[in-house]
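# Results of the structural survey
Below, each chain spelled out in residue letters.
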Amino acid sequence: MAQPDFVPVAPGDRVRTPERMPAPEQWKVDRPGELAGLRPPSGASFGVAGPDQGYALKLARRFEGRLVLAGGEHSEDAVAGGVGVALKRAARFGRSPVIYDLELAFSLFGFLGDAVPADLVEFRRS
């Protein structure tokens, strides 16, 4: 409700006009971190981004008791290699990692089998 005209108003209580902001300038892609196209850049050293990649580490902990390691191998190294392969596979399909990605990765390196060929053990050590 408006204030009647006969009621005195202090100068500090008067309605002030709002400050007008200037119109923004035209936007340009000129900063280093901005993407110009619809797809992220690809190529060497860019990697493959996928959603919820940290979940693969949680899934990998389920395999720690089942991994068959040769002498001088550590489960942390096996998990790191398996998670890398599983993340790459999941991201290529555009989804989060699932338990089957890790199972495939550990099987490829021979960490889930009983009879592992000696040449595969030498390969995975490097």
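As a reminder, the structure under discussion sits directly above these lines.
We now turn to the structure provided with this report. (Residues numbered from 1 in each chain as written. Predicted model: local features only at pLDDT ≥ 70, side-chain atom pairs only at ≥ 80, totals over all residues. Heavy atoms only, no water.)

## Structural notes on the nonpolar core
Note the threshold: Here, the term nonpolar core denotes a set of buried Ala, Val, Leu, Ile, Met, Phe, Trp, Tyr and Cys residues that are joined through side-chain atoms within 4.5 Å. Each residue is placed in one exposure class: buried if its accessible area under a 1.4 Å probe, protein chains only, is under 20% of its type's maximum, exposed if it is over 50%, and partly exposed if it falls in between. Each helix is a run of DSSP H or I of at least 4 residues and each strand a run of E of at least 2, with the numbering of both proceeding from the N terminus. In what follows, residue pairs with any heavy atoms lying within 4.5 Å of each other are defined as contacts.
Judged by nonpolar contacts, the single largest core of 14 residues is most densely connected at Leu 67, Val 79, Val 83, Leu 102 and Phe 106. Counting only elements with at least two residues in this core, the list comes to helix H1 (55–60), helix H2 (75–92) and helix H3 (99–108). Among the elements that line this core, the one with the most residues is H2, at five residues. Look past the residues within four positions of Val 83 in its chain and what remains in contact with it is Ala 56, Leu 57, Ala 60 and Leu 102.

## Structural notes on the environment of Gln 26
Mapped onto the elements, Gln 26 comes out in the segment before H1. Sequence separation between Gln 26 and Ala 10 is 16 residues, and the spatial gap between their C-alpha atoms is 43 Å.

## A word on the side chain of Glu 34
Which entries qualify depends on this criterion: Any pair of nitrogen or oxygen atoms within 3.5 Å is treated as a polar contact; in protein, a donor-acceptor pairing is required on top of that, and neighbouring residues in sequence qualify only through side-chain atoms on both sides.
Within the secondary structure, Glu 34 sits in the segment before H1. Within polar-contact distance, the side chain of Glu 34 engages the side chain of Arg 31 at 2.4 Å. Leaving out residues up to four positions away in the same chain, Glu 34 has contacts with Trp 27, Lys 28 and Val 29.

## Brief notes about H2
Using the following cut-off: To estimate the expected span of a helix, count its residues, drop one, and scale the result by 1.5 Å.
With 18 residues, H2 extends 26 Å between its outermost C-alpha atoms, agreeing within 8% with the 26 Å of an ideal straight helix rising 1.5 Å per residue. Backbone geometry just downstream of H2 places Gly 94 in the positive-phi region, at approximately 75°.

## Topic: the packing of H2 against H3
Applicable threshold: Axis definition: a line fitted to C-alpha atoms, over the contacting stretch in the case of helices. Angles run 0 to 180 degrees between N-to-C directions. Throughout, the term roughly parallel applies to angles under 35 degrees, roughly antiparallel to angles over 145, roughly perpendicular to angles from 65 to 115, and oblique to all others. The sense of a crossing depends on the near helix, which, turned anticlockwise from the far helix by less than a right angle, makes the crossing left-handed and, turned clockwise, makes it right-handed. Here the nonpolar group is Ala, Val, Leu, Ile, Met, Phe, Trp, Tyr, Cys and Pro; Asp, Glu, Lys and Arg are the charged ones; every other residue, Gly included, is treated as polar.
Where H2 contacts H3, the axes come no closer than 8 Å and their chain directions differ by 125°. Taken together, the axes of H2 and H3 are oblique relative to one another. Crossing handedness for the pair H2 and H3: right-handed. From H2, Ala 78, Val 79, Gly 82, Val 83, Val 85, Ala 86, Arg 89 and Ala 90 reach across to H3, where they touch Tyr 100, Asp 101, Leu 102, Leu 104, Ala 105 and Phe 106. Of the residues assigned to the contact of H2 with H3, the class counts are eleven nonpolar, one polar and two charged.

## Here we look at H3
Going by this rule: What the arc describes is the spread of directions from the helix axis to the C-beta atoms.
Within the span of H3, buried status applies to Asp 101, Leu 102, Ala 105 and Phe 106. All buried residues of H3 lie within an arc of 125° about the axis, which places them on one face of the element. For H3, exposure combined with an orientation more than 90 degrees from the buried face picks out Tyr 100 and Leu 108. Those residues of H3 hidden inside the fold are in contact with H1 and H2.

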